[in-house]
Amino acid sequence: MKKISIQDEAYTHIKLAKEWDQLLTKVRAIPTFEDFLRPASCSTLLKHLPDSGPVVVINIYEDRSDALALLSGAEKPLYIALPEFSYKEADILCHDLKDYLFNFGVRMHGSGPDTRHGGLWHYKSHAVLKDILAQLWTFVVKLILNALGYSVSTLQIFYPVQS
C-alpha cells in the first residue's frame, strides 16, 4: 500500500480546487448560467414568492436566533429578532421531541407501535409535548406572527379555539 504524504495530499487538494474554480468559471460564462451554484439573490427570491402569504426562514445560532419573513411584493425581507431562542434551546426541544416520539412508539416505517407504556406514561408524555409546543409558541411563533401583524383574534378566525 502506497503512503501519501501530507504535502502530496495538500497539493492534490489545491490542484482539484483550482480545477473546480476553472470549471465554474466556464459554466458561468454560458448565458443563463451566470449564477450557477450560487445562492439565489434576495431580489430573485422575492420575485418568486406565493401571493397567498409569507415565507419565513428561521436562523438558529449559538446565542440567539432570527427570522426573515419574505413577503410577496416587498422590496426586502422583514427581519424578526428571536432573542430568547438559541441553538441550546432548540437542541433541548429537539432532544425532548425525539424522546417523546421514541417513547410513544414512533419507529421506522414498517415496525409496530411500542406497547410497553401504560396510561400514566401517556399522561406525562402529553405534558412534555405541550411544554415543547408552548416554548415554540412563546419564543418563536408568537414573535413571528406579531411581526407579520397577525393577532390572536385574527388567528381564531382560521383556527377556532375549542373549549
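Shown above is the structure to which this text applies.
So, here is what we can say about the structure in this document. (Residues numbered from 1 in each chain as written. Predicted model: local features only at pLDDT ≥ 70, side-chain atom pairs only at ≥ 80, totals over all residues. Heavy atoms only, no water.)

### Brief notes about the overall build of the chain
Then comes step 1: Across its full length, the chain carries five helices and three strands.
Then comes step 2: Along its sequence from the N terminus, the chain presents helices and strands in the succession α-α-β-β-β-α-α-α.
Then comes step 3: Put simply, the chain has 163 residues, and 14% of those count as buried.
Then comes step 4: Within the chain, counting contacts between residues at least 6 apart in sequence, those at least 24 apart form 40% of the total.
Then comes step 5: About 13400 Å² of surface is accessible on the chain, with carbon and sulfur atoms providing 62% of the total. (Helix = DSSP H or I, 4+ residues; strand = E, 2+ residues; numbered from the N terminus. Buried < 20%, exposed > 50% of the residue type's maximum accessible area, 1.4 Å probe, protein only. Contact = heavy atoms within 4.5 Å. Areas by Shrake-Rupley, 256 points an atom, 1.4 Å probe, with all protein chains shown as cover.)

### Here's the deal with the pattern of salt bridges
Then comes step 1: Overall, the coordinates contain two salt bridges when judged by the stated rule.
Then comes step 2: One salt bridge in this structure joins Asp35 and Arg38, with 3.7 Å as the shortest N-O distance.
Then comes step 3: Relative accessible area serves as the criterion here: at 44%, Arg38 is assigned to the partly exposed category. (Salt bridge = Lys/Arg side-chain N within 4 Å of Asp/Glu carboxyl O.)

### Considering the sheet that holds strand β3 (residues 78-82)
Then comes step 1: An order of β1-β2-β3 is seen for the three strands of this open sheet, with the pairing classed as antiparallel. Unpaired on one side and paired on the other, β1 (55-60) and β3 mark the two borders of the sheet. For this sheet the average axis-to-axis angle between neighbouring strands, irrespective of direction, equals 20°.
Then comes step 2: Bridge count between strand β2 (residues 65-70) and β3: five bridges; the pairing is antiparallel. Within β3, the residue paired with Ala69 across the bridge is Leu78. (Pairing = 2+ DSSP bridges. Axes fitted to C-alpha atoms, helices over the stretch in contact; angles between N-to-C directions.)

### A few points about the environment of Leu24
Then comes step 1: Considering the arrangement of structural elements, one finds Leu24 in helix α1 (residues 6-28).
Then comes step 2: Using a relative accessible area of 12% as the deciding quantity, one classes Leu24 as buried.
Then comes step 3: In this structure, the C-alpha to C-alpha distance between Leu24 and Phe36, residues 12 residues apart in sequence, is 7.7 Å.
Then comes step 4: Beyond its immediate stretch of four places on either side in the chain, Leu24 contacts Phe36 and Leu37.

### A word on the side chain of Ser86
Then comes step 1: Inspection of the secondary structure puts Ser86 in the loop between β3 and α3 (87-103).
Then comes step 2: With relative accessibility at 7%, the residue Ser86 sits in the buried group.
Then comes step 3: Sequence-distant contacts of Ser86, defined by excluding residues within four places in its chain, comprise Ile60, Tyr61, Glu62, Asp63, Arg64 and Ser65.

### With respect to the pairing of β1
Then comes step 1: As paired strands, β1 and β2 are joined by six bridges and run antiparallel to one another. Directly across from Ile60, in β2, lies its bridge partner Ser65.
Then comes step 2: Between β1 and the antiparallel strand that follows it, β2, lie four residues.

### Some thoughts on the nonpolar core
Then comes step 1: Core analysis: the largest hydrophobic core is formed by 10 residues, namely Ala67, Ala69, Ile80, Leu82, Phe85, Ala90, Leu93, Ile132, Val140 and Ile144.
Then comes step 2: For this core, the secondary-structure elements that each account for two or more residues are β2, β3, α3 and α4 (119-147).
Then comes step 3: Top contributing element to this core by residue count: α4, with three residues.
Then comes step 4: Setting aside its immediate chain neighbours within four residues, Ile132 contacts Leu93, Asp96 and Leu97. (Core = buried A, V, L, I, M, F, W, Y, C linked by side-chain atoms within 4.5 Å.)

### Quick look at α3
Working note: α-helix, 3.6 residues per turn, so residues spaced by three or four point in the same direction.
Then comes step 1: Relative to the 24 Å expected for 17 residues at 1.5 Å per residue, α3 spans 24 Å between its end C-alpha atoms, a close match to the ideal helical length.
Then comes step 2: Downstream of α3 by a residue or two, Gly105 has a phi angle that is positive, lying close to 95°. (Expected span 1.5 Å × (residues − 1).)

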